[in-house]
Amino acid sequence: YANRMRIQSGFSSDTNTMEFFTNDVSRVVIDASGRVTEPLQPSFKAVGTNAGYITTTPVQFPNTSLGEGHNVGGHYNTSTHKFTAPVAGRYLFHLHMGIIRITSNGGNGYPYIRVNDAAVNYSYLSVPTATAYGPAHITQILQLAANDYVNVTFAGTNAQYYGNYTELSFSGYLLG
């Protein structure tokens, strides 16, 4: 039981650091400049892989390794396209979507961020003339309970979004 939790101060990688360990794994590091890193903090960036014009909903982000993608803790599911909160807390989420091929006057497209299937925010692009393109971005801090899930849906009239990894990404991070 003596080694389950410890604080270690020392010289690491040419920098004075203080590290907090549980079960012999470094959980928090404070460097000499006061920067705090938490290498195991739940975090993800998932991206699209369909290089085409699509309207699929819920929006699919099947890859966590392209375009700086990652999935620390494995809480984003690439099959269901949902992030499930491992613990209660505040989480930051960001969606980037290129809405394209609005094919008629007054066409529109809008993605939603949803928590447990309830819409909490959306971005909206409407154009007065046909053949338009525009980005949709949503950034939100959400208070989640453990096991709440977050995903993205898309709706619109005469609009599509582009599904490759450079124009379609969804990311999140546990703030605390």
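So, how was this worked out
Residues numbered from 1 in each chain as written. Predicted model: local features only at pLDDT ≥ 70, side-chain atom pairs only at ≥ 80, totals over all residues. Heavy atoms only, no water. Phe/Tyr/Trp six-rings, centres within 6.5 Å; stacked < 30°, edge-to-face > 60°. Helix = DSSP H or I, 4+ residues; strand = E, 2+ residues; numbered from the N terminus. Buried < 20%, exposed > 50% of the residue type's maximum accessible area, 1.4 Å probe, protein only. Lys NZ or Arg CZ within 6 Å of the ring centre and 35° of its normal. Salt bridge = Lys/Arg side-chain N within 4 Å of Asp/Glu carboxyl O.

Asks: Describe in detail the packing of aromatic side chains, supporting the description with residues and values.
Replies: Scanning the entire structure with this criterion turns up 14 aromatic pairs. Relative to Phe 170, the ring of Phe 44 has its centre 5.2 Å away and its plane inclined at 75°; by these criteria the two rings are edge-to-face. Of this pair, Phe 44 sits in strand β5 (residues 43–47) while Phe 170 sits in strand β17 (residues 168–174); the two residues are 126 residues apart in sequence, bridging distant segments of the chain. The pair Phe 44 / Phe 170 is uniform in exposure class, with both members buried. Ring centres 5.3 Å apart and planes at 55° place the aromatic pair Tyr 53 and Tyr 162 in the tilted group. Taken together, the residues span a long stretch of sequence, with Tyr 53 in strand β6 (residues 50–54) and Tyr 162 in strand β16 (residues 160–163) at a distance of 109 residues. Accessibility expressed as a relative area gives 39% for Tyr 53, which makes it partly exposed. Three or more aromatic residues link up through ring pairs in this structure, and these residues are Phe 44, Phe 61, Tyr 76, Phe 83, Tyr 91, Phe 93 and Phe 170. Just above the ring of Tyr 112 sits the side chain of Arg 114; from NZ or CZ to the centre is 5.1 Å.

Asks: Please set out the pattern of salt bridges residue by residue, giving values where relevant.
Replies: The tally for this structure, following the rule as stated, stands at 1 salt bridge. For Asp 31, the salt bridge identified is with Arg 35, shortest N-O distance 2.7 Å. Take Arg 35: its relative accessible area is 51%, and that puts it in the exposed class.

Honestly, it's all geometry; don't read function into it.
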